[in-house]
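Chain by chain, the residues run as shown.
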Amino acid sequence: MKFAEEHADWRNLVPYGNLGIILDVAGKNPGLSDEYFNLLARRHVPYRLIQRSELSSVSLASFQAVLAADLAPPTEAERRVLRDFAEKGG
């Protein structure tokens, strides 16, 4: 507790990661997603999660790359967001 209180300012740090993982909780193969997470952890790749329901051009703005594992077919709006991201260099 003492250590945590001595470093209370760490709680305000913003998560870092240039890789966004689009998480679809309704995916049909969660084992596939879990394996991606295991591989990322083994390689110490910093990433941040994006809930599928929060997928937008704003939510992708700070990423260099995104990974959508076990994602059910995207809607037309999701396709447009992902296409725009890719066309801008993502």
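Scope of this entry: the structure provided in the associated data block.

What counts and what doesn't
Residues numbered from 1 in each chain as written. Predicted model: local features only at pLDDT ≥ 70, side-chain atom pairs only at ≥ 80, totals over all residues. Heavy atoms only, no water. Pairing = 2+ DSSP bridges. Helix = DSSP H or I, 4+ residues; strand = E, 2+ residues; numbered from the N terminus. Axes fitted to C-alpha atoms, helices over the stretch in contact; angles between N-to-C directions. Contact = heavy atoms within 4.5 Å. Core = buried A, V, L, I, M, F, W, Y, C linked by side-chain atoms within 4.5 Å. Buried < 20%, exposed > 50% of the residue type's maximum accessible area, 1.4 Å probe, protein only. Polar contact = N/O pair within 3.5 Å; in protein donor to acceptor, adjacent residues only side chain to side chain.

What follows covers the sheet that holds strand β3 (residues 65-68). Read from one edge to the other, the open sheet built from three strands follows the order β2-β1-β3, with strand pairing classed as parallel. A strand with exactly one partner marks an edge of an open sheet, and here the two such strands are β2 (47-51) and β3. Direction aside, the axes of adjacent strands within the sheet are offset by 30° on average. Bridge count between strand β1 (residues 19-23) and β3: four bridges; the pairing is parallel. Looking at β3, one finds that Ile 22 is bridged to Ala 68. In the packing of helix α2 (residues 30-42) onto the sheet, contacts are made with β1, β2 and β3, and the angle to β1 comes to roughly 160°.

By size, the foremost hydrophobic cluster in this structure holds seven residues: Ile 22, Ile 50, Leu 55, Leu 60, Phe 63, Val 81 and Phe 85. Apart from the residues lying within four places of it in its own chain, the contact partners of Phe 63 are Gly 17, Asn 18, Leu 19, Gly 20, Arg 48, Ile 50 and Phe 85. Grouped together as the second largest cluster of nonpolar side chains are five residues, Leu 19, Ile 21, Leu 23 and Leu 40 included.

Another point: the side chain of Asp 24. If you trace the backbone, Asp 24 turns up in the loop between β1 and α2. Relative accessible area serves as the criterion here: at 10%, Asp 24 is assigned to the buried category. Only 2.8 Å separates the side chain of Asp 24 from the side chain of Arg 52, close enough to count as a polar contact. From its side chain, Asp 24 meets the backbone nitrogen of Ala 72 in a polar contact 3.2 Å long.

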